[in-house]
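# Structural characterization, general
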Amino acid sequence: MGPSWWQILIVLLLFVLLFGRGKISDLMGDVAKGIKSFKSGLADEENDGAETKVIEQETEVPPSKTSAQKKQKTS
């Protein structure tokens, strides 16, 4: 059994009384600013990824001592 309309109305009324209209609008404004900032951050990352060039460099890994010892034992 879910909450009835009366229960939802009472909870909303208490919410408005506790926080007031000004605080709720400020809170929603802050949420909107956060969403805009998040979206612009994602757009910046996509632009940076498109402009970045990947440069790969091949390096030679020196043989380990154990592989050199195995070669000496087999010889």
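Whatever comes next refers back to the structure up there.
Residues numbered from 1 in each chain as written. Predicted model: local features only at pLDDT ≥ 70, side-chain atom pairs only at ≥ 80, totals over all residues. Heavy atoms only, no water.

## A look at the overall build of the protein chain
For the record, the criterion: By the criteria applied, helices consist of DSSP H or I runs no shorter than four residues and strands consist of E runs no shorter than two, each listed in order from the N terminus. For the exposure calls, accessible area comes from a 1.4 Å probe over protein chains only, and a residue counts as buried if that area is under 20% of its type's maximum, exposed if over 50%, partly exposed in between. Note on areas: Shrake-Rupley with a 1.4 Å probe; residue coverage comes only from the protein chains shown.
Tallying secondary structure elements over the protein chain gives two helices and zero strands in all. Expressed as a percentage of its 75 residues, the buried residues of the protein chain come to 0%. As presented, the protein chain carries roughly 7,900 Å² of accessible surface, and 62% of it is formed by carbon and sulfur atoms.

## Here's the deal with a nonpolar patch on the surface
Just so we agree on the cut-off: Two joining distances apply to patches: 9 Å for like charges and 5 Å for nonpolar side chains (Val, Leu, Ile, Met, Phe, Trp, Tyr), and every residue must have over 30% relative accessible area and no salt bridge. Definition used for salt bridges: Asp or Glu carboxyl oxygen within 4 Å of a side-chain nitrogen of Lys or Arg.
Taken together, the side chains of Ile-10, Leu-13, Leu-14 and Leu-17 define a hydrophobic patch exposed on the protein surface, amounting to about 420 Å² of accessible area. Topologically, Ile-10 is positioned in helix H1 (residues 5-51).

## What to know about the environment of Ile-24
Put simply, the test is: We call two residues contacting when some pair of their heavy atoms lies within 4.5 Å.
The topology assignment puts Ile-24 in helix H1. If we skip the residues at most four places from it in the chain, Ile-24 touches Phe-15, Val-16 and Phe-19.

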